[in-house]
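Structural overview
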Amino acid sequence: MVRSNKKSSKAKLPKPLREKLAFCHEHPECVMFLDIETTGLSHYYDEITVVGWALNQKSGTYIKGGDPKPMLAAIERAVAIVTFNGIRFDAKFLVQEFPKIRIPETHIDLMYLCRRVGLKGGQKAIEQELGVNFRDDIEGVDGFAAVLLWHRYLRGELVALRTLLTYNRADIAAMGALFDDALSRLGFEADLLSEPINFVDWSAPSDRLVLPDLTRVSKSKTPRAPTFRELFSGSKAEYASVVGIDLTGSEKRPSGWCNLVGRHAETKVLSSDEQIIADTIAAKPELISIDSPLCLPTGRLTVFDDDPGRDQFGIMRVCERELKRRGVNVYPCLLPSMQKLTARGIKLANEFRKLGLPVIESYPGAAQDIMRIPRKGAGEEWLKLGLSEFGVKGRYERERVTHDELDAITSALVGTFHFAGLSEALGTETEAPLIIPRLQCEATPLVIGVSGPIAAGKTTLAKGLEVLGFAYTRFSRVIDDLLLEQGLPLDRKHRQQMGAEINRTGRQRELAERTIDRVAAAERIVVDGLRFPEDHAFLKEQFGYRFLHIFVDAEEESRRSRYSQRDEESPPVSRSAFEEASASAVEQKVSDMRPLANHTIFNNGREQDMLLNVDRVLKAWEAEI
């Protein structure tokens, strides 16, 4: 090991820091040098694999699956702790995994101490600058490699765990050298009566190369990654048909595309929007999951920096801020390098939704963290292995595919999680959500949407379900609110005009959200008056298999007769009035709803017969889900 003799001019230290440094200098036997290894960077989703420490010239190690009591007792004995980036990283992981842990208040984070004296970068970069070397036997091992060493160990390579522990102890040993150099550069002087201290003697004790007996470590207590069968077996999600798209920002660069049917993945790369749309429609998916931002931050009008709201509303959405808070690295959707991708994703999502195809936004990296699958940054072979061990089958297992195709598989899997009720929506009332998996199911409402032509019996059916305990809501009630705000009459003509205007200006999703918000607390909901494919897409995106779409139809003469007898129409309407209402822009899309519906119910006879038919459909549906 080589020590740097370079010193900076003495600087006046803040009193709290000087007191902490003096305490460490006076009681080196109580100072713990600590470093952790994890499965990734997110304290919210990833886990500690190894905790190493040096205290009172003795080394200690905790390995995931073992007994944490010795580690917790050692931390309890320590009165000061030294880490590198421990305030932002190690401490958060320790508190997340061991909520009752008591980390010493005197915490020296060497990353900040080194920055104070002009030493910047990560720990290994600073070691290199100072000529510190405790890594002769583990050259080339870094943070990514440490994650893979743990995965290799879980798959039977005991030597990988040995290397991981050696790497961890090298990190700890080097901390003392960095501490000594920083103190020297700061011009820190201990009390005249104190003996000079070299902290490297305490961070690198003589037993640091003596590793624990690894044959006694039990992997049986280590949490396993979940599998497809464990999560989805016995549910409709087990056979879900989902298209996943790992989208690029330009048609010149191929995007990854996956058609996931159950657990069988077919992948390819597609370039143009036309290809992506055509192949996706041909696959007839129940859901489309796109790895791309699919909405703008609230207040933004365009993706570009000349947007008048750029300075006020920024470039980041709430979902991205939340992922950052959880320790998941994610790019802001309107970062210059992301703008074209965001615009393309929004455009494609709108095209699909106009066809009634539900679309969700996914983020494969976050999904892989939650599924305990190594990301592609750790090596494509590891991502392949993780997907295969999860239970996804396909040619990707035996043939070479692009990393975009592998991320497209993960995007599609997010759709499967979503259908199974194993997902979390990160969004707001004004920002469509980013969907991420979760391993615990959360109950969502049962939702029935009713569509059909004028006077077919939609409201009769919906009101019948209200009698059975469903909370009733309808699109026209929100439209009525908007008409009242503008001082317009509440009649069919103005409702149809307002509905057509909302759809034409791209606010159909907003209308659907406000319609559901009226009954959001209910466990069973019936939505009357779906008229556009986007309505179907929205409800399918929100509720998955817990959404049932019923199309109500009747012969034209029956509908004409019912229309003329409505109490709200006085005097009785003429034949041409019915035809005029049926020809309105709002009603023109109703025929597109029939193929999207789960069931078509004909209302040509008695109202009681229709409701009995609905009751049978409802019981069969509830038994399925």
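Residues numbered from 1 in each chain as written. Predicted model: local features only at pLDDT ≥ 70, side-chain atom pairs only at ≥ 80, totals over all residues. Heavy atoms only, no water.

1. Here's the deal with the overall build of the protein
The test is simple: Counting from the N terminus, the helices are DSSP H or I runs at least four residues long and the strands are E runs at least two residues long. The classification of residues rests on relative accessible area computed with a 1.4 Å probe and restricted to protein chains. Under 20% of the type maximum is buried, over 50% is exposed, and intermediate values are partly exposed. Any pair of residues with heavy atoms lying within 4.5 Å of one another is described as a contacting pair. Positive residues here are Lys and Arg, negative ones are Asp and Glu, while His and the chain termini are left out of the count. Charged side chains are reduced to one point each, which is NZ for Lys, CZ for Arg, CG for Asp and CD for Glu.
Looking only at helices and strands, the protein features 25 helices and 18 strands. The dimensions of the protein, computed from C-alpha atoms along their principal axes, are 105 × 50 × 50 Å. When each of the 625 residues of the protein is scored for burial, the buried share is 53%. Pairs at least 24 residues apart make up 72% of the contacts formed inside the protein by residues separated by at least 6 positions. In the protein, which carries 85 positive and 90 negative side-chain charges, the distance between the mean positions of the two groups comes to 1 Å.

2. Some details on the packing of aromatic side chains
Note the threshold: Aromatic pairing here means that ring centres of Phe, Tyr or Trp (its six-membered ring) are within 6.5 Å. Orientation follows from the plane angle: under 30 degrees is stacked, over 60 is edge-to-face, and everything else is tilted. Whether a charge sits over a ring comes down to the Lys NZ or Arg CZ being within 6 Å of the ring centre and within 35 degrees of the ring normal.
Within the structure shown, the criterion is met by 13 aromatic pairs. Aromatic side chains Y44 and Y45 sit 4.9 Å apart centroid to centroid with 75° between the ring planes, which places their arrangement in the edge-to-face category. Clustering of aromatic rings is evident, with ring pairs tying together F228, F232, F390 and F417. Between K268 and the ring centre of W257, over which it is positioned, the NZ or CZ distance is 5.0 Å. It is K463 that lies over the ring of Y472; its NZ or CZ is 4.0 Å from the centre.

3. Let's talk about the nonpolar core
To keep it simple, the criterion reads: In plain words, nonpolar cores are sets of buried Ala, Val, Leu, Ile, Met, Phe, Trp, Tyr and Cys residues tied together by side-chain atoms within 4.5 Å.
L21, F33, L110, L113 and F179 are the most contacted members of the largest nonpolar core, which totals 52 residues. Aside from chain neighbours lying at most four places away, what touches F179 is L21, C24, F33, V82, I108, L110, L113 and F199. Membership of the second largest hydrophobic core comes to 30 residues, among which are A240, C258, F419 and L422.

4. Points about the sheet that holds strand β10 (residues 359-362)
The criterion, for reference: Pairing between strands is defined by DSSP: at least two bridges between the two strands are required. Helix axes are fitted only over the stretch in contact, all axes being lines through C-alpha atoms; the angle between N-to-C directions runs from 0 to 180 degrees.
Taken in spatial order, the eight strands of this open sheet run β11-β8-β7-β6-β9-β10-β13-β12, and their pairing is mixed. In this open sheet, the two edge strands, each paired with only one partner strand, are β11 (393-394) and β12 (423-426). Looking at chain direction, β10 and strand β13 (residues 434-437) are connected through two bridges and run parallel. Counted as the bridge partner of E361 is L434 from β13. Contacts between helix α16 (residues 403-419) and the sheet are confined to β6 (241-246), β7 (255-261), β8 (264-270), β9 (287-291), β10, β12 and β13, with β6 contributing the most and set at about 140° to the helix.

5. Considering the side chain of R344
Of note, R344 is situated in helix α13 (residues 339-354). Owing to a relative accessible area of 6%, R344 belongs among the buried residues under this scheme. Not counting the four nearest positions on each side in its chain, R344 is found in contact with L247, T248, G249, S250, E251, S255, S271, S272, D273 and I276.

In short, geometric facts, not functional conclusions.
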